[in-house]
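Residue-level listing of the chains:
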Amino acid sequence: MEKDCLFCKIAHGEASTEFLYENERLVVFKDIKPHAPIHLLIVPKEHIRSINDLTEANRGIISEMIMIAKEMAKKMSVSESGYKLLFNVESGGGQAIFHLHLHLMGGWKR
Ligand code: AMP
Ligand code: ZN
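A brief report on the enclosed structure follows. (Residues numbered from 1 in each chain as written. Chains lettered and ligands numbered in written order. Predicted model: local features only at pLDDT ≥ 70, side-chain atom pairs only at ≥ 80, totals over all residues. Heavy atoms only, no water.)

Some thoughts on the sheet that holds strand 3 (residues 38-44)
No. 1: A sheet is described by the order of its strands in space; here five strands give the open sequence 1-2-3-5-4, paired in antiparallel fashion. The open sheet terminates on both sides in strands that have one partner only, identified here as strand 1 (21-22) and strand 4 (83-86).
No. 2: Relative to strand 3, strand 2 (residues 26-30) is paired through five bridges, and the arrangement is antiparallel. In the sheet register, Val28 faces strand 3, and the bridge partner there is Ile42. (Pairing = 2+ DSSP bridges. Helix = DSSP H or I, 4+ residues; strand = E, 2+ residues; numbered from the N terminus.)

Below you can see the structure in the form of structure tokens.
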């Protein structure tokens, strides 16, 4: 756990954030400032700064994040209509919180 990292605090239950899903390795919660009718964040408990910092040892968590995103899309009823999965990488890529997270966005009216 990284000192002063908001998503470390949230992922370890040290904030009042409600989880839509949790297991030993990751948590899922709603984005506080949604950019879509459904906007969730899939966040590993381990502190990894960004996609740039992934190592071979992180293959498991990154694939699990995508599998959980697929399951959460189904749970939130956006599988059929469709959704976006997004990693912002570093400041130039729009990353504001430097703890790895996958955005799941969907639910727009077609
Ligand atoms: P990024 O720009 O990829 O780093 O995305 C960070 C996201 O975290 C933004 O969409 C924020 O709205 C969201 N966010 C920031 N603080 C919180 C929080 N306390 N709870 C939930 N989402 C948050
Ligand atoms: Zn962190």
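What to know about unusual backbone geometry
No. 1: Residue Asp4 is not a glycine yet carries a positive backbone phi of 65°.
No. 2: Within the secondary structure layout, Asp4 lies in the segment before helix 1 (6-11).
No. 3: Positive phi, normally seen in glycine, also occurs at Glu90, with a value near 60°.
No. 4: Of note, Glu90 is situated in the loop between strand 4 and strand 5 (102-106).

Structural notes on the site of ligand 1
No. 1: The environment of ligand 1 is formed by 16 residues, the closest being Asp31, Gly94, Ala96, His101 and His103.
No. 2: Within the backbone of Gly94, a nitrogen or oxygen atom sits 2.8 Å from an oxygen atom of ligand 1.
No. 3: Within the complex, 83% of the 510 Å² of free accessible area of ligand 1 lies under protein.
No. 4: Mapping ligand 1 onto the cavity grids shows that it belongs to the largest pocket.
No. 5: Broken down by secondary-structure element, the contributors of at least two residues to the shell around ligand 1 are helix 1 and strand 2. (Near = heavy atom within 4 Å. Polar contact = N/O pair within 3.5 Å; in protein donor to acceptor, adjacent residues only side chain to side chain. Areas by Shrake-Rupley, 256 points an atom, 1.4 Å probe, with all protein chains shown as cover. 1 Å grid on protein atoms, 1.4 Å probe; cavity = no way out; pocket = protein on both sides within 12 Å on 5 of 7 lines; lining within 4 Å. Sits in = over half its atoms within 2 Å of the grid points.)

Any link to function would need more than the numbers given here.
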